Amino acid sequence: MFKRAKVLFLYTETPLHTGSGSSLSVVDLPIQRERHTNLPMVQASGLKGSLRDYAEQNYKNDANAKTKITLVFGPEKDGSEHAGAISFTDARLLLFPVRSLKGIFAWVTCPSVLQRFVRDLTIAGVSAKVDNKDLNVPSVSDNEALVTNTSEVIVDNKVVLEEFSFIAEKRSEADGIAKWISENATPQSDEYKPWKEKILKNLVILPDNAFRDFTEFSTEVIARTKIQTETKTVAPGALWYEEHLPSDTLLYSLALASDPLGANKPNDFQTANDVLKFIADLQIDRFQLGGDETVGRGIVKLRILGG
Amino acid sequence: MRIFIEPLDVVLFRDGKPFSAEEDIIASSIFPPFPSTFYGAMRTETLSRQNFKFQPLSQIKNNSQYLNQIDSLTHDLRIVGPFIADENHLEYFPIPKDIVEIKGQDKKYIRLKPTISPTFKSDLSTDISPLWVKTNYDEHIEDGKGFISESQMKIYLEGRQDKWSILNPGEVFHREERVGIKRPGATKTSEEGFFYIAEFVRLNSQFGFTLDIEGNVTLSDNGFFRLGGESRAASYRKIEDRKWEDDAIKKKVRETRKFKLYLLSHAIFEKGWIADWMHTGEKDGLTFKLISACVGKPVSVGGFDIVENRPKPMKKAVPAGSVYFFELLEGNVDELFKAFQFKSISDEKQKEGFGITLVGGWNNV
């Protein structure tokens, strides 16, 4: 049914809060996480809703485009009439920024995340090759952190992230992964050139457990209050904590397209290719994802690859 | 053809309970999913691969030409499965209902057997022997839950006793509840009355499904398709055909002239828990006698008819894992296996993979 796929890379420029809707801990509004790994993610429904919203704002006064929006994303009211022509997977975490003793911060990832990423690229038909060689996902032993040969986060043969130290191990596999991400996954515009180079120097591959711990305990937890205008003090009961994915996190999702299914398809809108072209033609550079839009959260830079 | 299916992330296999705004706001999932879900997905996939032009739903109601065209392209499609399988395509089947768990003891299982000369009778039928097992004084039994591996299934079907190792449901999948809202673009706030909870299923990373597909099917070597609710995606790839050695099981049946039928998938029988031919004791030239049965609580099998835009009639089905014990009176063992092994005994929805059966041996010892 799905005929074409693209990979969407989402780079958070401001903290991103996609709320899970439930809380059992001190954080009142935690973020969405995968049930089996507990890694942060963005549910597909939120991503799809945001992109639909973007498309609707973009084509506010264009009736022809409105038909296409319905064909791509599905009918707004009568959902049983036909399905949309595009499906998204949940946006998964690829790189997570963690404070580093040297180099300000490091982008950390882990073997299980990378293996899944390579598998997803294969499914989407995107080449997971660097310099004509398949991306090789290394294994990492406990207390070890794999870094690139040009790494700038090493202090005394150690990588110190937050208050935890790992033995630094320079590995060519890390070079390959950093190069692939730098070339294919980071935003393309000029202002990102320094970041593309920084990834070659600041990528760290941690053991799976250490990576998960950082994504659980090093997210941004922001305390919010409501100030009463009259007294300029906090309103009673109006203190809450929100969890955010920090800025400079890199996520990815697959967008899978089928031929449009509804009635009255325009002539130039018959195939899965046309569906993906519609998304590409939106030329989305940045868009807003998740909650707290009016306090500047969830600004995401998009890069689309493959297909 | 046999394929291995991996959901890309979560999947939604809805049960038949109502789900609507404001009132029934929870959409819960069943697991394992009904085979009909996979049958529908495969039918759509094979039509799509043949460049079939799908029409909008509003135009296909009463459009017999269109529906006939679908039928002619897919009438011989049959599936066996889906079965839970690991990344090496080793399969795990629903635990047979005659393997029961000792309450309060972690993963301790024993097997029920039909009694030879029961000192007690059930009020269900005088012809049927009750099942029993001897336990210690303070041990109580309960239904086993989970999945049994392919290799252990063969030991079970040979009628051998073993220290069963069963995968708990939690080792195969997790349920993942997700909260949803409706947020109209104009207000950017959530709309009153549109709050819902959908219970998705997430398979643990090494698991997927195997599916045998028969008939004139056009599938590529690998691809992806929609599976279950919310248009979630799954990838598939062709894999080697199933190798199912059953010589040892046949030998057991030849020796004892006793066999059991184990249901790999739910079966719908017009008479409820039992098929007509089980009563009469005749099928495909074989004669047999029903000795006992170990049948789980009925499951409701429904679905949604998208052409008619209404729910399909709800049917009660005998759950997967149920076991029927027989004595073979007349007939050849090879013929017996030919009639039942990986075949459907369901009275309905046979093509859709309901009522798929395995043959095993048993004795009272």
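This text goes with the structure placed above it.
Thresholds applied
Residues numbered from 1 in each chain as written. Chains lettered and ligands numbered in written order. Predicted model: local features only at pLDDT ≥ 70, side-chain atom pairs only at ≥ 80, totals over all residues. Heavy atoms only, no water. Helix = DSSP H or I, 4+ residues; strand = E, 2+ residues; numbered from the N terminus. Rg over C-alpha atoms; globule rule 2.2 N^0.38 Å. Buried < 20%, exposed > 50% of the residue type's maximum accessible area, 1.4 Å probe, protein only. Contact = heavy atoms within 4.5 Å. Areas by Shrake-Rupley, 256 points an atom, 1.4 Å probe, with all protein chains shown as cover. Lys, Arg positive; Asp, Glu negative; His and termini not counted. Charge placed at Lys NZ, Arg CZ, Asp CG, Glu CD. Arc of directions from axis to C-beta. Polar contact = N/O pair within 3.5 Å; in protein donor to acceptor, adjacent residues only side chain to side chain. Patch = residues over 30% accessible without salt bridge, like charges linked within 9 Å, V, L, I, M, F, W, Y side chains within 5 Å. Salt bridge = Lys/Arg side-chain N within 4 Å of Asp/Glu carboxyl O. Phe/Tyr/Trp six-rings, centres within 6.5 Å; stacked < 30°, edge-to-face > 60°. Lys NZ or Arg CZ within 6 Å of the ring centre and 35° of its normal. Expected span 1.5 Å × (residues − 1). Buried area = accessible area lost by both parts, 1.4 Å probe. Nonpolar A, V, L, I, M, F, W, Y, C, P; charged D, E, K, R; others polar.

Caption draft 1: Molecular detail of the overall build of chain B. Scanning chain B from terminus to terminus reveals eight helices and 26 strands. Taking 365 residues into account, the globule formula puts the C-alpha radius of gyration at 21 Å, and chain B, at 22 Å, falls close to it. The principal-axis extents of the C-alpha atoms in chain B amount to approximately 75 × 50 × 40 Å. A total of 365 residues make up chain B; the buried ones form 52% of that total. Considering only contacts in chain B between residues 6 or more positions apart, those separated by 24 or more positions represent 73%. Surface summary for chain B: the accessible area is close to 17600 Å², and the carbon and sulfur share equals 48%.

Caption draft 2: Examining the overall build of chain A more closely. The helix and strand inventory of chain A stands at seven helices and 17 strands. Here chain A has a C-alpha radius of gyration of 21 Å; the compact-globule value for 307 residues is 19 Å, and the two agree. When each of the 307 residues of chain A is scored for burial, the buried share is 53%. Counting contacts in chain A only where the partners sit at least 6 residues apart, residues at least 24 apart contribute 70% of the total. As displayed, chain A has an accessible area near 13600 Å², and 48% of this comes from carbon and sulfur atoms. Between the averaged position of the 36 positive side-chain charges in chain A and that of its 41 negative side-chain charges there is a distance of 3 Å.

Caption draft 3: Molecular detail of helix H8 (residues 333-340) of chain B. All names here are of chain B. Taken together, the buried positions of H8 are occupied by Val-333, Leu-336, Phe-337, Ala-339 and Phe-340. Looking straight down H8, one finds its buried side chains confined to an arc of 160°; they lie on one side. Measuring from the backbone nitrogen of Asp-334 back to the side-chain oxygen at the start of H8 gives 2.6 Å, which picks out Asn-332 as the cap. Note on H8: the residue one or two positions beyond its end, Phe-342, has a positive phi of about 60°.

Caption draft 4: Just a nonpolar patch on the surface, in detail. Residue and element names in this part refer to chain A. Together, Val-221, Leu-239 and Tyr-241 make up a nonpolar patch on the protein surface, roughly 260 Å² of accessible area in all. Mapping Leu-239 onto the fold places it in strand E14 (residues 234-244). Residue classification places Leu-239 among the partly exposed residues on the basis of a relative accessible area of 47%.

Caption draft 5: Geometry of the packing of aromatic side chains. Residues and elements named next belong to chain B. The tally for this structure, following the rule as stated, stands at 38 aromatic pairs over all chains. Note on Phe-269 and Tyr-324: the rings are 6.4 Å apart at their centroids and 75° apart in plane angle, and the pair reads as edge-to-face. Of this pair, Phe-269 sits in the loop between strand E17 (258-263) and helix H7 (276-280) while Tyr-324 is found in strand E24 (residues 323-330), placing the two residues 55 residues apart along the sequence. Both residues of the pair, Phe-269 and Tyr-324, belong to the buried class. Pairwise contacts between aromatic rings join Phe-13, Phe-31, Phe-38, Phe-147, Phe-173 and Phe-209 into one cluster. Between the NZ or CZ atom of Lys-250 and the centre of the ring of Phe-337, over which it lies, the distance is 5.5 Å. Between the NZ or CZ atom of Lys-283 and the centre of the ring of Trp-277, over which it lies, the distance is 5.3 Å.

Caption draft 6: Looking closely at the environment of Phe-304 of chain B. All names here are of chain B. In this structure, Phe-304 sits in strand E21 (residues 304-305). By relative accessible area, which is 44% here, Phe-304 ends up partly exposed. When the C-alpha positions of Phe-304 and Met-314 are compared, they lie 9.9 Å apart, and in sequence the two are 10 residues distant. Ignoring anything within four residues of it in the chain, the contact list for Phe-304 reads Asn-309, Arg-310, Pro-311 and Lys-312.

Caption draft 7: A look at a positive patch on the surface. Residue and element names in this part refer to chain B. Together, Arg-43, Arg-78, Lys-312, Lys-338, Lys-343 and Lys-351 make up a region of like positive charge exposed at the surface. Within the element layout of this structure, Lys-343 appears in strand E25 (residues 343-344). Among the residues examined, Lys-343 registers a relative accessible area of 39% and is labelled partly exposed.

Caption draft 8: Summary view of the pattern of salt bridges. Counted according to the given criterion, the structure contains 47 salt bridges over all chains. Across the pair Arg-286 of chain A and Asp-285 of chain A runs a salt bridge whose closest N-O atoms are separated by 3.2 Å. Overlapping salt bridges bring together Glu-34, Arg-92, Arg-116, Arg-119 and Asp-120 of chain A together with Glu-6 and Arg-237 of chain B as one network.

Caption draft 9: Local environment of helix H1 (residues 35-49) of chain B. All names here are of chain B. Helix length check: H1 (15 residues) gives 21 Å between terminal C-alpha atoms against 21 Å at 1.5 Å per residue, within 8%. When H1 is considered as a whole, its buried residues turn out to be Pro-35, Ser-36, Phe-38, Tyr-39, Ala-41, Met-42, Glu-45, Thr-46, Leu-47 and Ser-48. Residues of H1 that are buried sit in contact with strand E1 (2-7), helix H3 (64-74), strand E3 (78-86), strand E14 (207-214), strand E15 (222-226) and strand E16 (233-239). The positive-phi residue at the C-terminal boundary of H1 is Asn-51, with phi of around 55°.

Caption draft 10: Structural context of the interface of chain A and chain B. At the interface, 35 residues of chain A touch 35 residues of chain B. When residues of chain A are sorted by the area they lose upon contact with chain B, Met-1, Phe-2 and Arg-35 of chain A head the list and together hold 23% of the total. Counting across the chain A and chain B interface gives four salt bridges. Of the charged contacts, one joins Arg-119 of chain A and Glu-6 of chain B as a salt bridge, the two residues approaching to 3.6 Å between their closest N and O atoms. Taken together, the links from chain A to chain B amount to 10 residue pairs in polar contact (both at pLDDT 80 or more). Only strand E1 (4-12), helix H1 (44-58), helix H3 (111-123) and strand E15 (250-257) of chain A provide two or more residues apiece to the side of chain A that touches chain B. A total of three residues in the side of chain A that touches chain B trace back to one element, the largest contributor, which is H1 of chain A. In terms of residue class, the side of chain A that touches chain B is built from 12 nonpolar, 11 polar and 12 charged.

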